[in-house]
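# Secondary and tertiary structure notes
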Amino acid sequence: MTELNIPTMADLLARGETADMLFWVGCAGSFDERAQRITRDICKILQHVGIKYAILGTEESCTGDPAKRAGNEFLFQMQAMANIQLLDGYEVKKIVTACPHCFNTLKNEYPDLGGHYEVIHHTQLIQQLIDEGKLKAEGGESFKGRRITYHDPCYLGRGNGVYEAPRKALEILDAQLVEMKRCRSNGLCCGAGGAQMFKEPEKGKKDINVERTEEALENQPHVIATACPFCMTMLRDGVKIKEKEQEVQVLDIAEISAKANGLT
C-alpha cells in the first residue's frame, strides 16, 4: 500500500489536518490477497477525484460483524465499543467501506451503542462521483461488447436496499448488462454471509456458491460483477469449480470503475 502514499488518521492528526472521509478497509480488504486489489483501486479512485481521505491503519479492528452473526453478542459489543471510542477520538463523521458487512454493522448497529456516523458503501460513492461527472468510462479499458452480470450481495441489497448504485456504475460502460433470474430483492446468497465464511458448509446436495455461479454462467457472461469481498471469494471459487477461469472474470464494481477510468 505504500506506493499509493495513503495517510492514516494518526498521520493527519500529527500534521494538524483532518480527513473529509475515513476509508474503513475491513478485515478482507486488509488481509485477503484478492480483496487487497479492490482496496487499492478504491484508493486510486479517491485520489483521482481529489477526496481527502485517510485509513485507520494498524488501529483498525474488526467491526464485530462475524462475532454478532455467530451469536457472540458480548464479543461484538466489546469490539464495537473499542472502535466507537477510536472513531470518536478522531472525530470521524463520514465513513466509506468496500464490505457490505462492515457497512451494515457501522450504519445500522453502531448507533445503538452510541456510534453515529454517515456510512456509505463504495458503490454509492462511485455512483455519486459518476453523477457529478468526476468518474467516466473513458481513457481506460473498454468493456465494449462484453457481457456483464451483477450479483447482489445480501447485506448490500436485501439488507440495505442498495440496488441501483452498483448498476449505475455498470450502465455507463459500453457493455451488455444481463440480469440473473434471481436478482435484486430476490437475489441468492453467495453462501458466505452470517459468519458462514468462517466455517465448513453443512451437508447438502450442492454448495450455494456453486448454485449461484451456475446461475451467473447461464447468462454466458465475460464478467461477473459484485461489490463484496466475501461474494468475490465464493464466486471465484465457483468459477474455478466450473473450470471457467479462462473465459469469465469476477470483478468488483470498484475494479471495473478503476479500469474504465484508466487508473489501473
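Preceding block: the structure.
Residues numbered from 1 in each chain as written. Predicted model: local features only at pLDDT ≥ 70, side-chain atom pairs only at ≥ 80, totals over all residues. Heavy atoms only, no water.

### Quick look at empty space enclosed by the protein
- Scanning the entire structure with this criterion turns up two cavities of 30 Å³ or more.
- Val25, Gly29, Ala35, Ile38, Thr39, Ala98, Cys99 and Pro229 are the residues that line the largest cavity.
- By residue number, the principal contributor to the lining of the largest cavity is helix H3 (residues 33-49), which donates three residues.
- Looking at side-chain class alone, the lining of the largest cavity contains six nonpolar, two polar and no charged residues. (1 Å grid on protein atoms, 1.4 Å probe; cavity = no way out; pocket = protein on both sides within 12 Å on 5 of 7 lines; lining within 4 Å. Points joined across faces, edges and corners; volume = space filled by probe spheres on them. Helix = DSSP H or I, 4+ residues; strand = E, 2+ residues; numbered from the N terminus. Nonpolar A, V, L, I, M, F, W, Y, C, P; charged D, E, K, R; others polar.)

### Some details on the sheet that holds strand E1 (residues 21-24)
- A sheet is described by the order of its strands in space; here four strands give the open sequence E2-E1-E3-E4, paired in parallel fashion. Of all strands in the sheet, those with a lone pairing partner are strand E2 (53-54) and strand E4 (118-121), marking the two edges.
- Examined bridge by bridge, E1 and E2 share two bridges and lie parallel to one another. Residue Met21 lies in a different strand from E2, and its bridge partner there is Tyr53.
- Taken strand by strand, helix H6 (residues 100-109) contacts E1, strand E3 (94-97) and E4, and its axis lies near 160 degrees from that of E4. (Pairing = 2+ DSSP bridges. Contact = heavy atoms within 4.5 Å. Axes fitted to C-alpha atoms, helices over the stretch in contact; angles between N-to-C directions.)

### Regarding helix H9 (residues 208-218)
- Buried residues of H9: Asn209, Val210, Arg212, Thr213, Glu215, Ala216 and Leu217, and no others.
- For H9, the secondary structure elements touched by its buried residues are strand E5 (147-150), strand E7 (223-226) and helix H10 (229-241).
- One or two positions beyond H9, positive phi appears at Gln220, with a value near 50 degrees. (Buried < 20%, exposed > 50% of the residue type's maximum accessible area, 1.4 Å probe, protein only.)

### Brief notes about the sheet that holds strand E8 (residues 249-252)
- Read across the sheet, four strands follow the order E6-E5-E7-E8 without closing on themselves; strand pairing throughout is parallel. The strands lining the two open edges of the sheet, one partner per strand, are strand E6 (176-177) and E8.
- Bridge count between E5 and E7: three bridges; the pairing is parallel. Its bridge partner being in E7, Tyr150 is matched across the sheet by Ala225.
- Set on the sheet, helix H8 (residues 164-171) makes contact with E5, E6 and E7; between it and E5 the angle comes to about 175 degrees.

### Let's talk about the environment of Met81
- Mapped onto the fold, Met81 is located in helix H5 (residues 73-89).
- For the pair Met81 and Leu113, spaced 32 residues apart in sequence, the C-alpha to C-alpha distance is 7.1 Å.

### Considering a nonpolar patch on the surface
- On the surface, a cluster of nonpolar side chains totalling about 330 Å² of accessible area is made up of Phe74, Leu75 and Met78.
- If you trace the backbone, Met78 turns up in helix H5.
- Residue Met78 is classed as partly exposed on the basis of its relative accessible area, which comes to 48%. (Patch = residues over 30% accessible without salt bridge, like charges linked within 9 Å, V, L, I, M, F, W, Y side chains within 5 Å. Areas by Shrake-Rupley, 256 points an atom, 1.4 Å probe, with all protein chains shown as cover. Salt bridge = Lys/Arg side-chain N within 4 Å of Asp/Glu carboxyl O.)

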